[in-house]
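Fold and geometry: a report
Each chain is listed here by its residues.
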Amino acid sequence: MKAEDVRNVGIVGHGGVGKTLLAEAMLYNAGVTNRMGSIEDGNTVSDFHGQEIDRQFSISTTMMHLPWEKHKVNIIDAPGYLDFIGEVYGAMHVLDIGLITIDASSGIEVGTEIAWQYGKEHDLSKFFVINKMEKDDIQYDKLVDELKDAFGSNVILAQFPYDSGENFHQIIDLIRGKLLVYPKDGNGKYTEKDIPADAEDKYDQARMEFMESIIEHDEELMEKYLGDEEVSEDEIKRALSHAVKHNEVYPVVCCSAKSNVGVSRILELIVKYGASASDLPDVHGKNEKGEDITRKCSKDEPMSSLIFKTISEPHVGELSFVKVFSGTLAVGDDVYNPNENSTERISGLYVLNGKTRTETDKLECGDMGAIIKLKNSHTNQTLCAKNSPIIIDPIVFPDPVIRSALHVVNKGDEDKVSVGLGALHQEDPTFHFAFDPELRQTIVSGQGELQLDIIGKRLKNRFNVAIELERPNIPYRETISKKTEVRKRYKKQSGGRGQFGEVQIEVMPRKRGEGFEFINNIVGGSIPTKFIPAVEKGIVNTMSDGYLIGCKIVDVAVRLFDGSFHAVDSSDMSFQIAGSMAFKEAMDNANPIILEPYYTVEIKVPEEYLGSVMGDISTRRGKLQGMDSERGFQIIKAQVPLSELYKYSSTLRSLTQGRGRHTSVFSHYEPVPKDIQNQLREAYDKEKEEE
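Residues numbered from 1 in each chain as written. Predicted model: local features only at pLDDT ≥ 70, side-chain atom pairs only at ≥ 80, totals over all residues. Heavy atoms only, no water.

Before going further, it helps to spend a moment on the overall build of the protein chain. Each helix and strand counted, the protein chain has 16 helices and 37 strands in total. With respect to the three principal axes, the spread of C-alpha positions in the protein chain is 110 × 60 × 55 Å. Out of the 691 residues belonging to the protein chain, those deemed buried represent 57%. When contacts within the protein chain are restricted to residue pairs at least 6 apart in sequence, long-range pairs at least 24 apart make up 72% of them. Only carbon and sulfur atoms are counted for the fraction: they give 45% of the accessible area of the protein chain, which is about 30,300 Å². Here the protein chain contributes 81 positive and 110 negative side-chain charges, whose respective centroids are spaced 7 Å apart. (Helix = DSSP H or I, 4+ residues; strand = E, 2+ residues; numbered from the N terminus. Buried < 20%, exposed > 50% of the residue type's maximum accessible area, 1.4 Å probe, protein only. Contact = heavy atoms within 4.5 Å. Areas by Shrake-Rupley, 256 points an atom, 1.4 Å probe, with all protein chains shown as cover. Lys, Arg positive; Asp, Glu negative; His and termini not counted. Charge placed at Lys NZ, Arg CZ, Asp CG, Glu CD.)

Next comes the structure, spelled out in structure tokens:
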């Protein structure tokens, strides 16, 4: 199929807005299924994994496809919950059209903003789909105004409901200039009627605004309009198609996916006005020399494709979701992975409808599907023609916002857990894991507790290993708050050659983040030059072991300015020990303190939750750094101790009914309050006693 006849559509938006049911209704209208599934019954095409059925929401990106008016429409249903935001980032990277779906009763939410921003970055043509119109007390006009305020005047009204609530089944369509009447039996096939008399005034005003919005993006039509020349319907539709495909306007449409009202018309709009891969800018990447290059969406170009997701299916193995950006990918091809400098044989290609796989012999540019059992290729890697290599610009996934420590329940399972974690990271690059030698824990991190909980369940189900997630240790630091001088002698005589070393040091605090400095002020040979490095080594080793609670000592300057030696008994070891002893005594006299890491946290919430969120930040010893507002959301910037951020994403979800989002990044270290320092020392001493 030609690239211009393919539409790659993503159904994106906040969690719970009805994206999965919208996909379900589309498949039903296209005749792919003979009945619509439901979330409650766990029989939708999109949410087929066990945990999705149990939890009744999407966890993983699902690929589907359908025929519509001699076009192929590929559909990606992306999760809406922020724990799985990486799925959205991966999907949007390969889409051509974004259906930003909104719950008519909830309005703009954090997920709406994310979908808009990422779609804008990737030049997708975008529609706003106001779903769940069957709900009561819908304020449609107000919501459209809010969309215009939030996302600009290029948001244009293309439809409005003639009725809403449980009677919703009629839509006034400004493009067709008709009333679309859907039957209440859910078959999805509308009939057209003239605009009702009681809606003519509203229609006339909305139609005029719609036409003006389209005309202003077409110079030729603008001249005709200003010259009072007639602008034909065909000219308006041609201009609308150009404006939608080139991100100049963003139509607002409405539907009830649950009742299958308005969905078939959305499919028509996607095919007639939405962008194909050939309408979008050329794909960018780099050649083997690291130089920027592009590829056109043409079958005559060398093959290039990107793996944007990897899943593992029982009895099948790994399936790699791929979009072909140029050329043709065919079964039997030997393709090149420049990320790994390896070659892959394409042994099987599929198009998918959820878990249903249909074999295909090739995927042409602009199309997407799945490759089975690649040996050494993973998510975010390029497959291309070996004689014309390109590394397609990769997906930029978000940084982790939460962390937990992983405990392996059964001894001996450590290797299996490590293999499983590696496989799950390949499937979901927003999930990270690493053993931290300082904390002596395996730290797992991601976008939320729900994501990490599901990772644990996948380890159990697929690799037959059990883990527990627990509070991670905190990488505290120790330092001093005043300077002091110490002279210390190490002397040992036990027959034969003894040991002798004497040092005099000054220990001084440094500014936070300046680290350690060793200053050699020895003059006159009181300590031979060859022993100076040993003194520094003894001090550095002691710093790594800590003094108060066994954590690294930082931001200290040590000045070595005097000492003595013995011509026979002095050695490197003697001066290492002397340096260590002197530093320990200096720590005792220099008012040692414990430092804790602070993170800069940015929280985006609807205004009605501002007070609760700020109050919670205060209880976490957070320090407010500033506030801002953006498109109806309040943005709070604060610095919060890492020790107070454990499971914060769950708390934020609870405080905001799932409508808040946060990011966090390391900022700096600060002294802990005195009472907390005492608690940490008591806990450390108790732990040492129990060892």
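Read on, since the account is not over.
Time to look at the packing of helix H14 (residues 610-619) against helix H15 (residues 648-656). At their nearest, the axes of H14 and H15 sit 9 Å apart, and the two run at 150° to each other. Considering their axes alone, H14 and H15 lie roughly antiparallel with respect to each other. At the point where H14 passes H15, the crossing takes the right-handed sense. Only Tyr648, Thr651, Leu652, Leu655 and Thr656 of H15 make contact with H14, whose side of the interface consists of Ser612, Val613, Asp616 and Ile617. Its residues assigned to classes, the contact of H14 with H15 comprises 5 nonpolar, 3 polar and 1 charged. (Axes fitted to C-alpha atoms, helices over the stretch in contact; angles between N-to-C directions. Parallel < 35°, antiparallel > 145°, perpendicular 65-115°, else oblique. Left-handed = near helix turned anticlockwise from the far one by under 90°. Nonpolar A, V, L, I, M, F, W, Y, C, P; charged D, E, K, R; others polar.)

Quick look at the pattern of salt bridges now. This structure, assessed with the given rule, holds 40 salt bridges. Residue Glu192 is joined to Arg176 by a salt bridge in which the shortest nitrogen-to-oxygen separation is 2.2 Å. Residue Glu192 is located in strand S10 (residues 191-193), and its partner Arg176 is located in the loop between strand S8 (170-173) and strand S9 (178-181); the two are separated by 16 residues in the primary sequence. By relative accessible area, Glu192 is classed as partly exposed at 35%. Here Arg462 and Glu427 are joined by a salt bridge, their closest N and O atoms 2.6 Å apart. Highlighted residues: Arg462 in helix H11 (residues 449-463) and Glu427 in helix H10 (residues 414-427), separated in sequence by 35 residues. Overlapping salt bridges, with partners in common, bring together Arg487, Arg489, Glu502 and Asp562 in one network. (Salt bridge = Lys/Arg side-chain N within 4 Å of Asp/Glu carboxyl O.)

Attention shifts here to the nonpolar core. One finds Met26, Leu99, Phe128 and Tyr140 to be the most contacted residues of the largest nonpolar core, which totals 117 residues. Among the elements that make up this core, the one with the highest residue count is helix H9 (residues 263-273) (7 residues). Two domains each put at least three residues into this core: domain 1 (3-273) and domain 2 (283-392). Each residue touching Met26, except ones within four places of it in the same chain, is listed here: Ile11, Leu66, Ile75, Leu99, Val263, Ile266, Leu267 and Ile270. Residues Ile480, Ile505, Met543 and Val556 belong to the second largest nonpolar core, which totals 26 residues. (Core = buried A, V, L, I, M, F, W, Y, C linked by side-chain atoms within 4.5 Å. Domains from an automatic or database assignment.)

With that settled, the discussion passes to empty space enclosed by the protein. Using the criterion set out here, one finds 6 cavities of 30 Å³ or more in the structure. In this structure, the largest cavity occupies an estimated 200 Å³ of space. In terms of lining residues, the largest cavity is bounded by 13 residues, among which Leu82, Asp83, Gln447, Gly660 and Arg661 are the most central. Only H15 and strand S37 (661-671) provide two or more residues apiece to the lining of the largest cavity. Counting residues per element, the lining of the largest cavity draws most heavily on H15, at 3 residues. A per-class count over the lining of the largest cavity returns 5 nonpolar, 5 polar and 3 charged. Taken domain by domain, the lining of the largest cavity gets at least three of its residues from each of domain 1 (3-273) and domain 5 (595-675). (1 Å grid on protein atoms, 1.4 Å probe; cavity = no way out; pocket = protein on both sides within 12 Å on 5 of 7 lines; lining within 4 Å. Points joined across faces, edges and corners; volume = space filled by probe spheres on them.)

It is common to give the size of an interface as the accessible area that goes away when the parts come together. The domain architecture assigned to the protein chain consists of domain 1 (3-273), domain 2 (283-392), domain 3 (402-470), domain 4 (477-590) and domain 5 (595-675). Domain 4 and domain 5 are separated by 42 Å when their C-alpha centres are compared.

Relative to the helices and strands, Ser232 is located in the loop between helix H7 (219-226) and helix H8 (233-245). Taking the relative accessible area as the measure of exposure, Ser232 reaches 29% and is therefore partly exposed. Between the C-alpha atoms of Ser232 and Val88, which are 144 residues apart in sequence, the distance is 39 Å.

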